[in-house]
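A closer look at the structure
As a plain string of letters, each chain reads:
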Amino acid sequence: MLALPAAPAPERKHSLLVGTAFGVAAGAAAFSGLLGTYLVERQQVLDALGQAGKPVSFLPRGVVMPGIPANIMLVVMVFASVMARWAVYALRQGERRHTAFAIGLTVLFGAGALNLQVAVYRALDVGVRSSQFATLFYGVTGAFLIALLVGMAFAVITAFRSLGGRYAATDTDGVEAFALYWHFLTVAFAATWFVVYVNK
Amino acid sequence: MTITETRPEELTSEPGAVSAGPGVVAGWLTTADHTRIGRLFVGVSLLSSLGVLVIGTLLTAERVQPGSRYLPADTVDQLTSLMWIGLAFLVVVPLLLGIAIAVVPLQIGARSIAFPRAAALSFWGWLLSGGVLVASYIANGGPFGGNAEAVRLFAVSLIVLLAALVVGAATVAATVVISRAPGMDIMDAPPFSFAALVSSSALVLTLPALAGRLALIYVDQSYARIVFGGTKGISGQVGWAVLQPQTYVYGILIIGLMAELFPVAARTRQPMRGVVIGGIGIAGVAAVGGVMQGMQTLELSGVTPIIVIGRLVVYGITELLPVLPFLIVLGLGGLAMRTGRPRVSAPFVFAISGALMGLAGALTGVLTPISELALAGTVYQEAQATFLFFGALLTGMGAVTYWGPKLWGRMVPEKAAGGLAVLGLLATVLASMPYVLAGFLNQPYGAVTWGPLDGPIQACNVLVMIGFGLLTLTVLAFALLVLRAFMGGERAGADPWDGQTLEWALPSPPLGTLADPGWIMSPEPLLDRQAALGTSDSTAGGGA
């Protein structure tokens with residue numbers, strides 16, 4: 001019996017990936033606003049201190065920025081980003097178990113970053129009311145923590161969907177979107193690290 | 001092109017209506033239909049505009065005579081803040097966003113908007129947070145507020161409101177990116193849809209920056225209140241969102257509607273269409289670039305030539321570039337009118353009024369940064385913002401008139417709408433132009449009482465008050481006109497305007513979607529169809 005050739009597969013729309021891209025753009029703009037405000041207010045404080053002839057430092061006297069946990073946190077975020085990319089690579093190779101493993105490691109690194117942020121808070125040991133620096137520091141890093149928690153939730157959902165067979169080597173959009181979000185988190189933290197922890 | 005129509009038994013009298021299952025109210029509450037979501041945005045933002053314009057009229061009346069106060073003195077600053085924030089985020093942005101949500105999928109041959117539930121979430125999030133925002137002002141919050149909890153409520157509600165608008169903008173942008181009909185290149189997208197993509201992307205890139213700043217304000221207000229100068233300092237932190245150059249972001253769709261309607265009014269293809277699309281793109285670049293730079297002060301004395309060149313380049317990008325898209329669209333639109341067979345319709349009058357006011361806003365912005373003129377901090381900046389906001393409002397009313405047939409299935413009476421468009425133009429000129437003069441006379445921005453109030457300054461303030469009042473009446477009359485027309489006015493044909501884009505191939509209101517729009521060969525598929533059929537019958541439509 002003759003049969004007509006199969007119709008061409010409908011073109012995939014990449015909806016989730018495009019939607020995540022716009023979400024990431026919005027997130028990047030939000031962090032630009034946060035860090036821009038931090039820098040502007042910091043400069044105003046430094047200018048005022050300079051004009052008053054006082055020591056020019058945004059950090060209150062006696063406060064030392066805990067550099068080591070912050071630096072480790074940056075490395076951890078880079079690893080998390082690499083793991084997210086590995087998840088995409090593994091899915092393209094048809095290695096579903098490796099994909100789930102990579103996503104799991106991403107969540108683990110995310111939890112590590114969360115733990116390190118708490119370590120920074122404990123080492124810094126300043127109250128949010130104590131100074132302009134403290135208010136802005138907790139505002140910026142708190143916003144990053146929220147973004148990190150969203151990323152971990154995104155990763156868990158992606159892991160379950162991946163294990164449920166939702167994605168395949170020919171349909172990697174969901175995992176690509178997850179990876180894109182974690183790349184954004186890493187870049188956002190790198191910017192935060194430079195502005196808040198290095199530049200102080 | 002073929003049309004997939006919903007079965008008659010599944011239809012009620014309105015597009016997207018739900019006949020079985022949930023009732024009418026539940027149907028509206030749970031709808032994910034993009035035309036309904038768009039109509040909800042349009043309806044509520046038009047209602048909001050009345051409230052905001054009444055506040056504006058009262059505030060401008062306060063400026064006419066010192067001592068003759070209509071409003072409690074301690075609320076004037078808060079009401080001024082509410083008026084500007086309301087104009088931006090309760091009126092102009094949601095009005096134009098709603099039109100884009102309703103119209104863009106129809107224009108590009110998409111089955112629906114991308115992420116329809118997110119679009120619904122955008123509306124309900126905006127509505128609820130907008131209500132809370134107004135409530136926070138009533139509870140003595142907002143900038144200059146005296147109630148700490150209400151001030152924090154203001155920050156949170158504005159963050160949620162901005163997030164809702166960003167979600168809505170992202171759905172529009174994603175729709176244009178991923179849901180265009182087969183063959184429709186991004187450069188072949190209708191000008192309004194292309195402008196919606198540019199405008200939505202600009203909103204996505206700028207509004208979260210404001211949300212981020214508000215998050216820090218919230219933290220500061222919740223604890224030490226030492227960073228931003230208390231509640232008075234909040235105004236300075238969020239004020240940029242209602243001033244040049246951020247207002248250009250809100251005005252991109254002014255250019256989009258104008259570019260859409262010029263060839264329709266001229267009944268010909270748009271000459272040099274690529275340049276028009278490029279002009280819309282430039283509007284996006286100029287708007288976002290300007291916001292990133294902030295308003296620059298052009299100070300050229302006492303610096304080296306290299307620095308002079310650098311400052312002139314930045315000034316050119318942030319202040320001169322926004323003028324260019326308006327000139328391109330108006331100039332090439334004029335060329336289309338010369339080569340075509342012009343027919344001036346009410347939507348066209350609205351659109352050109354909006355575009356002229358947008359151009360006036362962009363032109364006034366050219367002078368603001370020049371430090372020798374000392375216009376920054378005067379009502380000159382209010383004039384510029386008013387030109388753009390009211391121009392966008394006129395554009396929104398033009399879009400409602402133009403796409404009314406597709407959204408409600410009815411025609412807005414043309415003569416009445418055209419008259420209101422002219423009245424709206426006059427009102428906008430009166431509400432803005434006198435402040436250009438008063439700015440040169442150093443009337444300060446936002447203040448209701450200052451210095452001597454006589455002579456030309458008093459005349460300027462009287463004219464501005466008349467302008468605000470007149471626009472309030474215009475919007476009220478337009479809302480009533482539209483309500484009456486859409487409840488029981490003249491039924492619209494499929495293509496009452498000789499449209500050139502895909503939505504006019506659908507019946508009015510559209511009973512479904514273009515299931516197979518075919519391979520789109522050009523930016524004007526309906527003109528292609530007419531050429532193929534050898535007809536220019538304006539009522540042709542309803543599928544081919």
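Quick look at the structure, then. The structure displayed is predicted, hence computed values, not measured ones.

When helices and strands are counted, chain A shows five helices and zero strands. Listed N to C, the secondary structure of chain A is α-α-α-α-α in terms of helices and strands. Over its C-alpha atoms chain A spans a radius of gyration of 21 Å, topping by over 25% the 16 Å that the globule rule assigns to 200 residues. In terms of its C-alpha atoms, chain A occupies a principal-axis envelope of roughly 95 × 25 × 20 Å. In chain A, buried positions account for 46% of the 200 residues. Considering only contacts within chain A whose residues lie at least 6 apart along the sequence, 77% involve residues at least 24 apart. Put simply, chain A shows about 10100 Å² of open surface, and 66% of that area lies on carbon and sulfur atoms.

What follows deals with the pattern of salt bridges. Tallied over the full model, the rule gives seven salt bridges over all chains. Overlapping salt bridges, with partners in common, bring together A:Arg85, A:Arg92 and A:Glu176 in one network.

Another point: the nonpolar core. Membership of the largest hydrophobic core comes to 236 residues, with the highest contact counts inside it found for A:Phe137, A:Trp182, B:Phe89, B:Tyr250, B:Phe389 and B:Trp403. The dominant element in this core, judged by the number of residues it contributes, is helix α3 (residues 76-107) of chain B, at 21 residues. When near neighbours in sequence (up to four residues on either side) are disregarded, B:Phe389 contacts B:Trp84, B:Leu87, B:Ala88, B:Val92, B:Val242, B:Thr247 and B:Tyr250.

Relative to the assigned elements, B:Thr474 resides in helix α16 (residues 455-488). Setting aside anything within four residues of it in sequence, one finds B:Thr474 in contact with B:Leu420, B:Leu423 and B:Gly424.

A few words now on helix α4 (residues 132-163) of chain A. With 32 residues, α4(A) extends 47 Å from end C-alpha to end C-alpha; this agrees with the ideal 46 Å at 1.5 Å per step. A:Gly165 occupies a position one or two residues after α4(A) and carries a positive phi of about 80°.

Once that is clear, we can look at a nonpolar patch on the surface. Together, B:Ile306, B:Ile309, B:Val313 and B:Ile317 give the surface a local cluster of nonpolar side chains, amounting to about 390 Å² of exposed area. Mapping B:Ile317 onto the fold places it in helix α11 (residues 305-320).

Cut-offs used in this document
Residues numbered from 1 in each chain as written. Chains lettered and ligands numbered in written order. Predicted model: local features only at pLDDT ≥ 70, side-chain atom pairs only at ≥ 80, totals over all residues. Heavy atoms only, no water. Helix = DSSP H or I, 4+ residues; strand = E, 2+ residues; numbered from the N terminus. Rg over C-alpha atoms; globule rule 2.2 N^0.38 Å. Buried < 20%, exposed > 50% of the residue type's maximum accessible area, 1.4 Å probe, protein only. Contact = heavy atoms within 4.5 Å. Areas by Shrake-Rupley, 256 points an atom, 1.4 Å probe, with all protein chains shown as cover. Salt bridge = Lys/Arg side-chain N within 4 Å of Asp/Glu carboxyl O. Core = buried A, V, L, I, M, F, W, Y, C linked by side-chain atoms within 4.5 Å. Expected span 1.5 Å × (residues − 1). Patch = residues over 30% accessible without salt bridge, like charges linked within 9 Å, V, L, I, M, F, W, Y side chains within 5 Å.

That is the geometry; function is a separate question.
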